[in-house]
Amino acid sequence: MKKRLMITVLIPAWFLFLFSFTVFAQQGSVSGKITDAVGNPVGKASVGVKGTSTGTTANDQGEFILNNIAGSRVTLVITAVGFEKQELKVLLEGGKSEKLNVSLAANVNTEDEVVVTGVFDKRKKMESSIAITTIGTQQLDRIVPVSSVEMLKYVPGVFVNSSRGEVETALYSRGMSLSSGYYYVSMQEDGLPVLAFSGFTIASTSINPDGFLRADATIAKVEAVRGGTASILGANAPGGIFNYVSKTGSSRFAGEVRTRFGLEGDGKNPYYRLDANFGGPLSKDKSWTYNIGGFYRRADGAKYPGYTLNYGGQLKGNIVKKYKSGSLKLWVKWLNDHTSPFEFTPTIGFSNPKPAGSFTNSSSVLIQDVQFNVPASATGGLNIDYDTKNVRHYKDNAAGFNWEQDLGKGWTLNNAFKYSKKEIESNSTQIVFPFAINTPTFYGVLGQLGGGGPPRFGTYSFYDNATGNELASVTWAPGPNGFVFTLNKNTLPGANVQPASVFYTPNPYVSFDVKEVMDQLTLTKKLKNMSFTAGGFIAASATERYAMIPSAQSFSTIEDKPRLVGIRYVPLGPPGTPTYQITSPQGIANYGGAGVYYNYGKTTQSALFFGHNWQISDKLNLDWGGRYENFAIKARFYSPRVLPNTKGPDNDTLTLYNNRVRGANAEKSFDKTLGTFSYSIGLNYKVSNSLAFYGRYSEGRKSPDLSFYFDFSNQEQTSNIDPEAQTTQQFELGVKLKKEKLNLFVTPFLSILKNVPNFQVFQNPDVTYYSPPRKYQKTHTAGVEIEANYAFTKNFSVRAAGVIQTFKADEYYIYLARTNGPADDTLVVYSGNKTDNIAPLMFNITPTYSNSRFYASLNWQYMGKRWANVANAFQMPSYHAFDLNLGWTFSKTVQLSASINNLFNTYGVMGWAAPGGFPAALDIQGFTASALAANPNAVYSTLAIQPRSYFVTATFKF
């Protein structure tokens, strides 16, 4: 009986063991690489076994490994955002391993993509109630943008002005254009701001995030969120978040090298660039990975000034440790780059603007190659070695970490930390405009009004500083009604721009040093149908600025690559009166300029935020959240003052160029704080897997940052004023449609900007400053953003992104100063006018053809008419611009591409300065329709999109 029982038990157990052994022995594995039709890796693709829960995700290089696959015949299902789903049958008899190379065909549907920017937890676009656009690796690889920010022109509702080149670009989202640059948005790298404060451009000095943001082969994608949750999840940035996401390493070594040669400035000026990116495992178990890459480029610039305008590069790297319950990424960044913004081009025609006279869209008006020293004795303590070849020198040394940790029971912790040290040294000419040599203002700027004594009347000679040939002669004398100017000789070039004039080419020197520490901690609790997110953000910045605006002055001929003009004068008097030299042998005047300005600000931005996401049903999702933010600044500053001096450091009264000596007023300080609260609520209804709707209301607060506290002209004023927050309100609806061939995102929106202070500063007769009563502006913009992709065939698709909008200045007031002092100031009301820098229609349409070897795309950009100023004096005309991109894949490792930017060399105006030369050019809001009617053929100045450029890129992947 016992023996029979043993047999009864052992035989089934034996067969069960054999069956289990057989199944185990037949378990196989599949590995491989996923690419697109032209061989580019497709990162983050999903690979699964059909009918099972077995699956994995490819890394950034498109590589995957899938182990322990049961069965001898399986079907793999491969999906990726932007590509057609593919099913592959694989034989794994005998438990063998199979290696695959998978090529995916492009698909227009991107709504299944998981996004991390602007959401309380990672989620698909179809499930999120935000307006977000993703620019992926494939799109980034096929374009050659002027700057890292210019690629955002493909985002609907975003106005990008890159007319000044790689830096000092401007970006406005949904009509928020009352402040310069990046005031209402957050430019980010891997989830943290590039700069804790927004950045600013004032008084010919700038520190903006675009100076420290370079897109190269290390960037995996860019996520762009307009409005919405940016009020909650962005630091003091209700207008939007633009996040540049870096690549990380994978379980297998992979890399790429791009070499690019170009001809900018309509094919005149050479451009060289090298990009590289490498990544792979660091440990045998491949839980440690690394990625390193960067770029170096050298270019004369689209508007070549006679010396190299752009040179330098960056290096970035990260190490990632992945473990069972989380991951840790350590990263470093080193940027050392030189570049300079372009200046305005003299222009004729308001309805059809073109460069005036002999100027073209590739002409440079920057000062020629010159070096000089401004000694500390002339500046009051700051020794300056000015060299135009240094242009603007940007440095950024940064390091940080990103930690993700699953704490169990639905709790997740995320922490991002960064330390950075940023520097800018600027030797670049600014505010270059024509300046008439027969006006009192010219001699006032020149320092010839006598410094409190009588004007220095006499005969002034203007000569070519290189050859000594006289170009013009002016006698300045007293007259019955003031001054009399007699033009004795005039052969100065540029008479068709402005007669009897030179370029004013001042030499501002600015040095910035910014040290920042920032950290963002987020804790999320997930329940069955909802999640709660709480977090904190803190950024401590120490910003120091030395500036001389200008450090010295120079004057140049009005022509492409202007020549320095030397100036000397003989006072009115008897024969034998000595000659005074106004400019140095280098052609420079007024060493010491306006004197040294100094600012030091210690800012702290701290915030607490909260978000709740509730999946009410399978179709309905609600999210809401709030953010309390505190901005605090402790600052000290001093401004220049005149020191008595008659001879200068060379002890020579006849060399006026070094006799201007400046010191500094007593240091002052102030301490300001401001707290703000913002909130947002959104509802997403997913009708089906192919159709969803959302609605959102957001109210954000924007506190002033360094642009308010560091403005030289109003330093005395702002130190006595409590800061005030601006208010943004945004209503938006969204329709998301995902079909087999169509991907459509339509977003009607209303954006309201209010409580924007117009803080103006004017001069009293005694050269002290005063401010008229503060006025507050309010504007609104309403529109519809459209983003669509449609695949006509497997090989041909069209992408479109654009906005239709209307806008108005609901409340807008400015004071116009007539003469020094408040007695004749005039309040001008522009309420009801159209706001400037907003186009009623702008779009990009990009048809693309691609197959396994070849791709071709043509981007058509349309920029509609925009009002030039709130006075509505005239409209900058609309324009069309085209970029052509072609590529050919020779093998999986070698690709060649060609691009022509601005194919038809369109002169598309993006910015302008008023007629009349310096200083009238600076007052664009004071230029009116009546002034234009009185002089419709006036020459003014413009900034236009970059001239036609040609690029060839060879890419090697391995």
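Residues numbered from 1 in each chain as written. Predicted model: local features only at pLDDT ≥ 70, side-chain atom pairs only at ≥ 80, totals over all residues. Heavy atoms only, no water.

## Comments concerning the overall build of the protein chain
A tally of helices and strands in the protein chain yields nine helices and 62 strands. Here the C-alpha atoms of the protein chain give a radius of gyration of 31 Å, agreeing with the 30 Å that 2.2 N^0.38 yields for 958 residues. Here the C-alpha coordinates of the protein chain stretch approximately 145 × 55 × 50 Å along the principal axes. Per-residue burial for the protein chain yields a buried fraction of 58% across its 958 residues. When contacts within the protein chain are restricted to residue pairs at least 6 apart in sequence, those whose partners lie at least 24 apart make up 69%. Put simply, the protein chain shows about 37,400 Å² of open surface, and 58% of that area lies on carbon and sulfur atoms. Charge centroids of the protein chain, computed over 91 positive and 70 negative side chains, lie 8 Å from each other. (Helix = DSSP H or I, 4+ residues; strand = E, 2+ residues; numbered from the N terminus. Rg over C-alpha atoms; globule rule 2.2 N^0.38 Å. Buried < 20%, exposed > 50% of the residue type's maximum accessible area, 1.4 Å probe, protein only. Contact = heavy atoms within 4.5 Å. Areas by Shrake-Rupley, 256 points an atom, 1.4 Å probe, with all protein chains shown as cover. Lys, Arg positive; Asp, Glu negative; His and termini not counted. Charge placed at Lys NZ, Arg CZ, Asp CG, Glu CD.)

## Re the environment of Asp652
On the secondary structure map, Asp652 appears in the loop between strand E42 (640-642) and strand E43 (662-664). Excluding its chain neighbours within four sequence positions, the residues that come into contact with Asp652 are Lys647 and Asn659.

## Re the nonpolar core
Core analysis: the largest hydrophobic core is formed by 42 residues, its most contacted members being Leu152, Leu171, Met187, Ile207, Phe242 and Tyr244. Broken down by element, the residue count for this core peaks at four residues, all from strand E41 (residues 620-638). In this view, Tyr244 contacts Ser148, Val149, Met151, Leu152, Met187, Gln188, Glu189, Asp190, Leu213, Ile219, Lys221 and Val222; residues no more than four positions away in its chain are not counted. Among the nonpolar cores identified, the runner-up in size contains 30 residues, and Phe344, Phe457, Trp476 and Leu656 belong to it. (Core = buried A, V, L, I, M, F, W, Y, C linked by side-chain atoms within 4.5 Å.)

## Here we look at the sheet that holds strand E1 (residues 28-35)
One open sheet holds the three strands; their spatial order is E4-E1-E7, and the pairing between them is mixed. The outermost strands of the open sheet, each flanked by one partner alone, are strand E4 (63-69) and strand E7 (97-103). Averaged over all neighbouring strand pairs, the angle between strand axes comes to 20 degrees, with direction disregarded. When E1 meets E4, the two strands line up antiparallel, connected through five bridges. Its bridge partner lying in E4, Gly32 is registered against Phe64. (Pairing = 2+ DSSP bridges. Axes fitted to C-alpha atoms, helices over the stretch in contact; angles between N-to-C directions.)

## Focus on the side chain of Arg297
As for its placement among the helices and strands, Arg297 is situated in strand E21 (residues 288-299). Taking relative accessible area as the criterion, Arg297 reaches 0% and is therefore assigned buried. A polar atom in the side chain of Arg297 sits 2.7 Å from the side chain of Asp337. Ignoring anything within four residues of it in the chain, the contact list for Arg297 reads Glu166, Tyr272, Arg273, Asn310, Tyr311, Gly312, Asp337, His338 and Thr339. (Polar contact = N/O pair within 3.5 Å; in protein donor to acceptor, adjacent residues only side chain to side chain.)

## Points about the packing of aromatic side chains
Applying the stated criterion across every chain yields a total of 55 aromatic pairs. Between Phe442 and Phe555, the ring centres sit 5.2 Å apart and the planes meet at 55 degrees, which makes this aromatic pair tilted. Here Phe555 lies in strand E36 (residues 530-556) and Phe442 lies in helix H6 (residues 440-445), a separation of 113 residues in the sequence. Like Phe555, Phe442 is buried. Here the aromatic rings of Tyr504 and Phe918 are separated by 4.6 Å at their centres, their planes lie at 55 degrees, and the arrangement is tilted. Pair noted here: Tyr504 is in strand E34 (residues 501-504) and Phe918 is in the loop between strand E60 (909-913) and helix H9 (929-934), with a separation of 414 residues, a long-range link. Like Tyr504, the residue Phe918 is buried in the burial classification. Positioned over the ring face of Tyr855 is Arg142, at 4.0 Å from the centre of the ring. Its guanidinium or amino end placed over the ring of Tyr311, Arg298 lies 5.4 Å from that ring's centre, counting from NZ or CZ. (Phe/Tyr/Trp six-rings, centres within 6.5 Å; stacked < 30°, edge-to-face > 60°. Lys NZ or Arg CZ within 6 Å of the ring centre and 35° of its normal.)

## Side note on the sheet that holds strand E5 (residues 73-79)
Taken in spatial order, the four strands make up an open sheet running E3-E2-E5-E6, and their pairing is antiparallel. The open sheet terminates on both sides in strands that have one partner only, identified here as strand E3 (55-57) and strand E6 (86-91). Here the average twist between neighbouring strands, direction ignored, is 20 degrees. Here strand E2 (residues 46-49) pairs with E5 via four bridges, running antiparallel.

## Observations concerning the side chain of His612
Secondary-structure assignment places His612 in strand E40 (residues 596-615). Judged by its relative accessible area of 9%, His612 is buried. Apart from residues no more than four positions distant in its own chain, His612 is found in contact with Met530, Ser531, Phe532, Leu622, Asp623 and Trp624.

## Focus on the pattern of salt bridges
Counted by the stated rule, this structure contains 37 salt bridges. One salt bridge in this structure joins Asp266 and Arg948, with 2.8 Å as the shortest N-O distance. Taken as a pair, Asp266 in helix H4 (residues 264-267) and Arg948 in the loop between strand E61 (940-944) and strand E62 (949-957) lie far apart in primary sequence, 682 residues in all. A residue is classified by how much of its surface remains accessible, and Asp266, at 26% relative accessible area, is partly exposed. Note that Asp464 is salt-bridged to Arg563, the shortest N-O span being 2.5 Å. In this pair, Asp464 sits in strand E31 (residues 458-464) while Arg563 sits in the loop between E36 and strand E37 (565-571), placing the two residues 99 residues apart along the sequence. A relative accessible area of 5% places Asp464 in the buried class. (Salt bridge = Lys/Arg side-chain N within 4 Å of Asp/Glu carboxyl O.)

## Some details on the confidence of the model for the protein chain
For the protein chain, per-residue confidence averages 87 on the pLDDT scale, and 91% of positions sit at 70 or higher. pLDDT under 50 marks residues 1-25. Its contacts with residues more than four places away, or in other chains, come to three contacts. (pLDDT = per-residue confidence, 0-100.)

## Regarding unusual backbone geometry
A cis geometry characterises the amide bond from Ile549 onward to Pro550, with omega recorded as -5 degrees. Residue Pro919 is reached from Phe918 by a cis peptide bond, and omega for that bond is 0 degrees. Within the secondary structure layout, Pro919 lies in the loop between E60 and H9. One non-glycine residue, Asp266, lies in the positive phi region at around 60 degrees. The backbone of Val391 shows a phi angle near 40 degrees, a positive value even though the residue is not glycine. Among the secondary structure elements, Val391 is positioned in the loop between strand E27 (384-387) and strand E28 (392-408).

## Some remarks on the pairing of strand E46 (residues 726-738)
Sheet topology note: the strand E45 (residues 691-702)/E46 ladder contains twelve bridges and is antiparallel. Residue pairing in the sheet places Arg696 in a bridge with Glu732 of E46. In this sheet, strand E47 (residues 742-758) lies alongside E46 in antiparallel orientation, the contact comprising ten bridges. Note on E47: the bridge partner recorded for Lys738 is Asn743. The turn linking E46 back onto E47 is made up of three residues.

## Some points on the pairing of E40
Of the pairings in the sheet, the one linking E36 to E40 comprises 19 bridges and is antiparallel in character. Counted as the bridge partner of Phe532 is His612 from E40. The pairing of E40 with E41 spans 18 bridges and is antiparallel. Across the sheet, residue Gly601 finds its bridge partner in E41, namely Ala635.

## A short note on a nonpolar patch on the surface
The grouping of Leu282, Trp288, Ile319 and Leu330 at the surface amounts to a nonpolar patch, some 340 Å² of accessible area in total. Inspection of the secondary structure puts Trp288 in strand E21. (Patch = residues over 30% accessible without salt bridge, like charges linked within 9 Å, V, L, I, M, F, W, Y side chains within 5 Å.)

## So, the environment of Lys354
Tracing the sequence through the fold places Lys354 in strand E25 (residues 354-355). The partly exposed category is assigned to Lys354, whose relative accessible area is 42%. Along the chain, Lys354 and Gly908 lie 554 residues apart, while their C-alpha atoms are 9.4 Å from each other. Non-local contacts of Lys354, meaning those with residues more than four positions away in its chain, are made with Pro346, Thr347 and Ile348.

## Thoughts on the environment of Lys50
Mapped onto the secondary structure, Lys50 falls in the loop between E2 and E3. Aside from chain neighbours lying at most four places away, what touches Lys50 is Thr75, Val77 and Glu87. Among the polar contacts made by the side chain of Lys50, one reaches the side chain of Glu87 at a distance of 3.3 Å.

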